Amino acid sequence: MAAATRKRKTEHIRISLNHNVQARKMTTGFEDVHFIHKALPEIDKQKIDLSTRVFNHEFAAPLIAGAITGGASEATKINATIAETVEEFKLGMGVGSQRAAIEDKKLEKTFGIARKKAPTAFLIANIGGVQLAHGYGLKEAKKAIDMIDADAIAVHLNALQETVQPEGQTAFNGVLDKIAELAREVDKPVIVKETGAGIAAEEAKKLEAAGVKGIDVSGGGGTSWAAVEYYRIRKTSNDFQRKLGNAFWDWGITTAVSVAEVSKTVNVPIIASGGVRTGIDVAKSLSLNASLASLSQPLLHAASKGIKETASVFSLMMEELRNVMFLVGVDAVRGLQNTPIVVTGKTAEWLRARGFEVEGYARRRSK
Ligand SMILES: Cc1cc2nc3c(=O)[nH]c(=O)nc-3n(C[C@H](O)[C@H](O)[C@H](O)COP(=O)(O)O)c2cc1C
């Protein structure tokens, strides 16, 4: 079992590095979110403060390296590189699913390296929601947390991936109850995250009622897990499964819609992810009332090259975010949550069809 999990993890990394596994037809929806340029910003760009406090932790900027990996030999270097960089920048980091190391102690170091290289950064452990419905519980969650001395634990939801994967685990009954149990018993914040297909308002409401302390929407428009599985299946002669992966390549709720819906529905902090590629996307996420933004695929590519490349992804995003803040005249990230925006196109249509108000979107309470 552990060997199969490890092999799958290695394939995911290699496929994501060697093929284009980004959404093909779907976009994040960030292109429908517009700021109103201020010709008179009336602030000093040099005095803009990117720091923010979320989950009782001070982040130097509202950025988290998304859950990617662990459990495979390539993973140690990738996790070490990302961890060293987030420590330097005082950001956060999620590790990939820790299932392989929960099953095989020898693999713990592929995750533990993250805490070694990032002694003070906000680290998020990771386990699968569907595993919770099939025997995982408090013991495994604590193991995952202890392995990296985590500040929080993410439970990932990956129904799309499981359903297009030949060996997928698709009995999802009882996942919500197990999440509620974990939220009651674990002494660290439990965050629920999707993996590229988004979270709808209805689900977010249930998750908040279950006691989760944060929601990472991981919406559509970025990495597609149907695409990753498509390439994994392509190597075999399983034409039927390959067609399934291809058909579901662009499945999901876009990231902009997901953040917008969820932020209008729950009060827990929201992490925007799924195709977040620039500091402008980060700014748009915050304007839709997310508290943090996170990215995975670009960091996997950068980390496979080295620390310099990984650092430059973060520094560019931070500078882009700072520029947006300057151009809309806000000097603290909280201000972005009250900055007027215009939501157009499919994103506006979707939100209206779902009963959400679009006009005056950004004149909400700030959290
Ligand atoms: C190679 C790879 C492995 C991933 N493994 C995990 C995982 O183990 N657990 C998890 O919660 N998400 C995992 N993800 C999903 C990401 O955390 C994220 O939700 C998704 O990739 C969308 O973000 P992106 O468009 O910035 O890549 C993985 C993503 C990639 C690219």
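Preceding block: the structure.
Residues numbered from 1 in each chain as written. Predicted model: local features only at pLDDT ≥ 70, side-chain atom pairs only at ≥ 80, totals over all residues. Heavy atoms only, no water.

J.: Please set out the site of the ligand residue by residue, giving values where relevant.
T.: The immediate surroundings of the ligand are formed by 23 residues, with Ala67, Ser97, Ser218, Thr223 and Arg277 found nearest. A distance of 2.8 Å is found between an oxygen atom of the ligand and a side-chain nitrogen or oxygen belonging to Arg277. Between Ser296 and the ligand, the recorded distance is 2.9 Å, taken from a backbone N or O atom to an oxygen atom. Burial of the ligand by the surrounding chains reaches 97%, relative to a free accessible area of 600 Å². More than half of the atoms of the ligand fall within 2 Å of the grid points belonging to the largest pocket. At the level of secondary structure, the elements contributing two or more residues to the shell around the ligand comprise helix 1 (2–18) and helix 14 (297–305). (Near = heavy atom within 4 Å. Polar contact = N/O pair within 3.5 Å; in protein donor to acceptor, adjacent residues only side chain to side chain. Areas by Shrake-Rupley, 256 points an atom, 1.4 Å probe, with all protein chains shown as cover. 1 Å grid on protein atoms, 1.4 Å probe; cavity = no way out; pocket = protein on both sides within 12 Å on 5 of 7 lines; lining within 4 Å. Sits in = over half its atoms within 2 Å of the grid points. Helix = DSSP H or I, 4+ residues; strand = E, 2+ residues; numbered from the N terminus.)

J.: Outline empty space enclosed by the protein, supporting the account with residue identities and numerical values.
T.: Inspection of the entire model under this criterion finds 2 cavities of 30 Å³ or more. Considering the residues around the largest cavity, the lining is formed by 14 residues, among which Gly94, Ile124, Ala154, Lys193 and Asp216 are closest to the centre. Those elements that provide at least two residues to the lining of the largest cavity are strand 4 (63–65), strand 6 (122–128) and strand 8 (190–193). Taken together, the residues of the lining of the largest cavity break down into 8 nonpolar, 4 polar and 2 charged. Taken as a whole, the second largest cavity spans an internal volume of roughly 40 Å³. For the lining of the second largest cavity, the per-class residue count stands at 6 nonpolar, 6 polar and no charged. (Points joined across faces, edges and corners; volume = space filled by probe spheres on them. Nonpolar A, V, L, I, M, F, W, Y, C, P; charged D, E, K, R; others polar.)

J.: Describe the pattern of salt bridges, and please don't skip the residues or the numbers.
T.: Counted according to the given criterion, the structure contains 21 salt bridges. Residues Glu319 and Lys45 are paired through a salt bridge, measuring 2.7 Å at the closest nitrogen-oxygen approach. Here Glu319, found in helix 15 (residues 307–327), pairs with Lys45, found in the loop between strand 1 (33–35) and strand 2 (52–54); they are 274 residues apart in sequence, far enough to count as distant. Of the charged contacts in the structure, one is a salt bridge between Asp239 and Lys243, with a shortest N-O distance of 3.3 Å. Of this pair, Asp239 and Lys243 are both found in helix 11 (residues 239–247), 4 residues apart, which corresponds to roughly one turn of the helix. Beyond isolated ion pairs, a larger network of salt bridges with shared partners links Lys7, Arg8, Glu11, Glu167, Glu229 and Arg232. (Salt bridge = Lys/Arg side-chain N within 4 Å of Asp/Glu carboxyl O.)

J.: Which residues make up the layout of surface pockets, and what values do they have?
T.: Approximately 910 Å³ is the volume attributed to the largest pocket. In terms of lining residues, the largest pocket is bounded by 49 residues, among which Lys9, His156, Gln161, Thr195 and Trp225 are the most central. The element that contributes the greatest number of residues to the lining of the largest pocket is helix 1, accounting for 7 residues. Taken together, the residues that form the lining of the largest pocket break down as 11 nonpolar, 28 polar and 10 charged. Within this model, the second largest pocket holds a volume of roughly 440 Å³. Lining of the second largest pocket is provided by 19 residues; of these, Leu157, Ala159, Phe172, Glu194 and Glu203 occupy positions nearest its centre.

J.: Just give me the short version of the packing of aromatic side chains, but keep the residues and values in it.
T.: Evaluation of the coordinates by the stated rule reveals 7 aromatic pairs. Their ring planes at 10° and their centres at 5.6 Å tell us that Phe55 and Phe122 sit as a pair that is stacked. With Phe55 in the loop between strand 2 and strand 3 (57–59) and Phe122 in strand 6, this pair connects stretches of sequence that are 67 residues apart. A relative accessible area of 2% places Phe122 in the buried class. (Phe/Tyr/Trp six-rings, centres within 6.5 Å; stacked < 30°, edge-to-face > 60°. Buried < 20%, exposed > 50% of the residue type's maximum accessible area, 1.4 Å probe, protein only.)

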